[in-house]
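Survey of secondary and tertiary structure
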Amino acid sequence: MKFLHTVPAEILGLGLYRSLTLIGIGIGVWLFLRGIQGNTLWPIILLLVGLFMTIKELMDMMHYTSLMNLVGVGTGIVVVVLAIAGTVLPPLLLAALGAFVAGKEVMDLMHSG
């Protein structure tokens, strides 16, 4: 029973980096599906997504640096600024953001081995 309380910290021993990558893939797919269905996000949820993107991409840059990491950090910062301004993304833009996040995280997962 001691094992069960450590599962959330590192999803079944995958490590922090891979766990965050899998969470990022899930967030990207969720954003994509939400945008395709014609829904948007509240600015506070958009702020959390933007912060996650920015922090995760900065972590990726510590692992390896590429142009996609720089684009990811820039996109995350833009999303945070838009969320602070109270902007609601249109569904098509939300779907594009979700596709970018999911695709980028899949590339990160493939790169990390």
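If you're wondering where the values come from, they're calculated on a predicted model, not measured in any experiment.

The rules we used
Residues numbered from 1 in each chain as written. Predicted model: local features only at pLDDT ≥ 70, side-chain atom pairs only at ≥ 80, totals over all residues. Heavy atoms only, no water. Helix = DSSP H or I, 4+ residues; strand = E, 2+ residues; numbered from the N terminus. Contact = heavy atoms within 4.5 Å. Areas by Shrake-Rupley, 256 points an atom, 1.4 Å probe, with all protein chains shown as cover. Core = buried A, V, L, I, M, F, W, Y, C linked by side-chain atoms within 4.5 Å. Buried < 20%, exposed > 50% of the residue type's maximum accessible area, 1.4 Å probe, protein only. Expected span 1.5 Å × (residues − 1). Salt bridge = Lys/Arg side-chain N within 4 Å of Asp/Glu carboxyl O. Axes fitted to C-alpha atoms, helices over the stretch in contact; angles between N-to-C directions. Parallel < 35°, antiparallel > 145°, perpendicular 65-115°, else oblique. Left-handed = near helix turned anticlockwise from the far one by under 90°. Nonpolar A, V, L, I, M, F, W, Y, C, P; charged D, E, K, R; others polar.

**Concerning the overall build of the protein**
- Looking only at helices and strands, one finds four helices and zero strands in the protein.
- Listing each helix as α and each strand as β along the protein from the N terminus yields α-α-α-α.
- For the protein, restricting intrachain contacts to residue pairs at least 6 apart in sequence, the fraction spanning at least 24 positions comes to 75%.
- Here the protein displays about 6,600 Å² of accessible surface, and carbon together with sulfur accounts for 78% of that area.

**Some thoughts on the side chain of Asp 108**
- Locating Asp 108 in the fold gives a position in helix H4 (residues 91-112).
- Beyond its immediate stretch of four places on either side in the chain, Asp 108 contacts Tyr 17, Thr 21, Lys 56, Glu 57, Asp 60 and Tyr 64.

**So, the nonpolar core**
- Counting residues in hydrophobic clusters, the biggest one holds 11 residues: Leu 31, Leu 41, Leu 46, Val 49, Met 53, Val 79, Ala 83, Leu 89, Leu 94, Leu 97 and Val 101.
- If sequence neighbours within four positions are ignored, Leu 31 has contacts with Leu 41, Val 49, Leu 94, Ala 95, Leu 97 and Gly 98.

**A look at H4**
- Relative to the 32 Å expected for 22 residues at 1.5 Å per residue, H4 spans 31 Å between its end C-alpha atoms, a close match to the ideal helical length.
- Of the positions making up H4, those classed as buried are Leu 94, Ala 95, Leu 97, Gly 98, Val 101, Ala 102, Lys 104, Glu 105 and Asp 108.
- Along its buried surface, H4 packs onto helix H1 (16-36), helix H2 (43-63) and helix H3 (67-84).

**Let's talk about the environment of Ile 77**
- Turning to its location among the elements, Ile 77 is positioned in helix H3.
- We classify Ile 77 as partly exposed; its relative accessible area is 45%.
- The sequence separation of Ile 77 and Thr 54 amounts to 23 residues, and the corresponding C-alpha distance is 6.4 Å.

**Thoughts on the environment of Ile 27**
- Looking at the element boundaries, Ile 27 is found in helix H1.
- Sequence spacing of Ile 27 and Phe 52 is 25 residues, and the spatial spacing of their C-alpha atoms is 9.6 Å.
- Beyond its immediate chain neighbours, meaning those up to four positions away, Ile 27 contacts Val 49 and Phe 52.

**Digging into the pattern of salt bridges**
- The full count for this structure, using the stated rule, is six salt bridges.
- Close ionic contact of Glu 105 with Lys 56 constitutes a salt bridge, the shortest N to O distance being 3.2 Å. Of this pair, Glu 105 sits in helix H4 while Lys 56 is found in helix H2, placing the two residues 49 residues apart along the sequence.
- Overall, the relative accessible area of 3% leaves Glu 105 in the buried class.
- In this structure Lys 56 comes out as buried when scored by relative accessible area, which is 2%.

**Observations concerning the packing of H1 against H2**
- Between H1 and H2, the least distance of the axes is 11 Å, while the angle of their chain directions is 140 degrees. Classified by the interaxial angle, the pair formed by H1 and H2 is oblique. Between H1 and H2 the crossing geometry is left-handed. Facing Tyr 17, Leu 20, Thr 21, Ile 23, Gly 24, Ile 27, Trp 30 and Leu 31 of H1, the residues of H2 in contact are Ile 45, Val 49, Phe 52, Lys 56, Met 59, Asp 60 and His 63.
- For the contact of H1 with H2, a count of residues per class yields 10 nonpolar, three polar and two charged.

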